[in-house]
Structure formats: structure tokens, C-alpha cells
Amino acid sequence: MAEIRAIKDFPATIEARLDDLERQGIVVCAGEPRKPMEAVGRRPGALKRFLAERDE
């Protein structure tokens, strides 16, 4: 029987994992501070259309 397991031990928390990825150069910090997200537009019924299309 084959065994499946991780190749290496990963840090326990997401913060530790992100720090590890930054040290490796896989994840880099943004050049500018984050801005709050804003809606681009409003279309009433968007959730209903999304759910209907997903069920097709």
C-alpha cells in the first residue's frame, strides 16, 4: 500500500507560511499600500443570475 504525505513540513499558521514564501521570493509585498475595494458597478439580480448559470 502506498503512503501519501507532504514532501516537507509546512509552518502551522498562515502568517508563518506567508513569511516563509516571502523569504523564498515566491510572494512579494505590493509596492503601494492597499486601498479599500470598491464596487465597479451595480446590476440588480447578479447573485440570482450567477446561481442560475452555475446550476446549468
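Data block above holds the structure.
Everything numeric in this text was worked out from a predicted model, so none of it was measured.

Parameters at a glance
- Residues numbered from 1 in each chain as written.
- Predicted model: local features only at pLDDT ≥ 70, side-chain atom pairs only at ≥ 80, totals over all residues.
- Heavy atoms only, no water.
- Helix = DSSP H or I, 4+ residues; strand = E, 2+ residues; numbered from the N terminus.
- Buried < 20%, exposed > 50% of the residue type's maximum accessible area, 1.4 Å probe, protein only.
- Salt bridge = Lys/Arg side-chain N within 4 Å of Asp/Glu carboxyl O.

Quick notes on the environment of Ile26
Line of reasoning, step 1. Here Ile26 lies in the loop between α1 (14-24) and α2 (46-55).
Line of reasoning, step 2. Looking at Ile26, the relative accessible area reads 55%, which means it is exposed.
Line of reasoning, step 3. In this structure, the C-alpha to C-alpha distance between Ile26 and Arg43, residues 17 residues apart in sequence, is 37 Å.

Examining the pattern of salt bridges
Line of reasoning, step 1. With the rule as written, the count across this model stands at two salt bridges.
Line of reasoning, step 2. Between Arg17 and Asp20 there is a salt bridge whose closest N-O contact spans 3.3 Å. Of the two residues, Arg17 and Asp20 are both situated in helix α1; the distance of three residues between them amounts to about one turn of the helix.
Line of reasoning, step 3. Judged by its relative accessible area of 15%, Asp20 is buried.
Line of reasoning, step 4. Among the salt bridges present, the one from Asp20 reaches Arg23, with a minimum N-O distance of 3.8 Å. Pair noted here: Asp20 and Arg23 are both in helix α1, with a separation of three residues, about one helical turn.
Line of reasoning, step 5. When its relative accessible area of 65% is taken as the criterion, Arg23 is described as exposed.

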